[in-house]
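Chain by chain, the residues:
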Amino acid sequence: MLYPVEKIREVSLIDKLNMIFTKIEKIDFEKISNNLNRFIFDADISLREVSNNLNKVINNFNYLVENNETKTLPKNLNKTLLEIQKLSKSYNNRSILYIKLNEILKNINKSILLFEKIEKKIDNKPNALIFGD
């Protein structure tokens, strides 16, 4: 039985090493080094800017937290909420303000109905304002 055999070019270990060294010699290590140095320099500048900005944020946050107005804010908010709650209770349907506002709205509705009647009369008889009727 015959097996198909392809001719294989034998490459010696020295030839392989020579090929590798040739490829390595073509690499521009100086350019890579310069690019890497430039990248590190730019990254250093960026990191310093970030660090400075973070320090400003921390200082502003500390000032805010240590500020007396900020410390009293929860107490003031609670007081305000209690006042709003008290005020909202005073606007129920039995309060004087509610009753007065309701009367005013009823009077406004009556006035609107009267004006609508007058408007219809004027539409029907434009001379009604002059001669009456």
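Here, residues in each chain are numbered from 1, in the same order as that chain's written sequence. With pLDDT at 70 or above as the cut-off, local features in this predicted model cover only qualifying residues; side-chain atom pairs require 80 or more to be listed or tallied, and sums for whole chains, interfaces and linings still use all residues. Neither water nor hydrogens contribute to the side-chain values; these are computed over all heavy atoms in the structure.

Attention now moves to the overall build of the protein. The helix count covers DSSP runs of H or I at least four residues long, the strand count covers runs of E at least two residues long, and both are numbered beginning at the N terminus. Scanning the protein from N- to C-terminus turns up five helices and zero strands. Start at the N end of the protein and walk to the C end: the helices and strands fall as α-α-α-α-α. Its C-alpha radius of gyration of 46 Å places the protein more than 25% over the 14 Å reference for a compact globule of 133 residues. Dimensions of the protein, computed from the C-alpha atoms along their principal axes, are close to 125 × 60 × 45 Å. For every residue, the accessible area obtained with a 1.4 Å probe (protein chains only) is divided by the maximum for its type, and the residue is called buried under 20%, exposed over 50%, and partly exposed between those limits. Here the protein holds 133 residues, and 2% of them are scored as buried. Here the globule rule reads 2.2 Å times residues to the power 0.38, and the radius of gyration is calculated from C-alpha atoms.

All right, on to the pattern of salt bridges then. Where charged atoms from two side chains of opposite charge come close, those side chains can pair. Here, a salt bridge means any Lys or Arg side-chain nitrogen found within 4 Å of an Asp or Glu carboxyl oxygen. Counted by the stated rule, this structure contains one salt bridge. The partner of Asp-44 in a salt bridge is Arg-48, and the shortest N-O contact between them spans 2.9 Å. In this pair, Asp-44 and Arg-48 are both assigned in helix 2 (residues 29–66), four residues apart and thus about one turn of the helix distant. Judged by its relative accessible area of 31%, Asp-44 is partly exposed.

Take the number of residues in a helix, subtract one, and multiply by 1.5 Å to get its expected span. With 23 residues, helix 3 (residues 68–90) ought to run about 33 Å at 1.5 Å a step, and its terminal C-alpha atoms sit 33 Å apart, in line with that. The reported bend at a residue is simply the angle between two axes, fitted to the 7 residues ending at it and to the 7 residues beginning with it. The largest bend along helix 3 reaches roughly 40° and is located at Pro-74. In this structure Asn-67 caps helix 3, since a side-chain oxygen of it lies 3.1 Å from the backbone nitrogen of Glu-69. In protein, a polar contact requires one atom able to donate a hydrogen and another able to accept it; more generally it is a pair of N or O atoms within 3.5 Å, and residues adjacent in sequence count only if both atoms are side-chain atoms.

This part covers a nonpolar patch on the surface. Patch membership is restricted to residues that have no salt bridge and whose relative accessible area is over 30%. Joining uses 9 Å for like charges and 5 Å for the nonpolar side chains Val, Leu, Ile, Met, Phe, Trp and Tyr. Using the Shrake-Rupley algorithm and a 1.4 Å probe, accessible areas are obtained, with residue cover drawn only from the displayed protein chains. On the surface, Leu-13, Leu-17, Ile-20, Phe-21, Ile-24, Ile-27, Phe-29 and Ile-32 cluster together to form a nonpolar patch covering roughly 780 Å² of accessible area. Broken down by element, the nonpolar patch gets its largest block of residues, five residues, from helix 1 (residues 13–26). Considering the arrangement of structural elements, one finds Leu-17 in helix 1.

Positionally, Leu-87 belongs in helix 3. Residues Leu-87 and Leu-36, 51 residues apart in the sequence, show an inter-C-alpha distance of 68 Å.

With that out of the way, let us pick up the confidence of the model for the protein. Here the protein shows a mean pLDDT of 84. Residues at 70 or above account for 90%. Helix 5 (residues 128–131) is the least confidently modelled element of the protein, averaging 72 in pLDDT, while helix 2 averages 90, the highest of any element. Confidence of the prediction at every residue is given by pLDDT, a number between 0 and 100.

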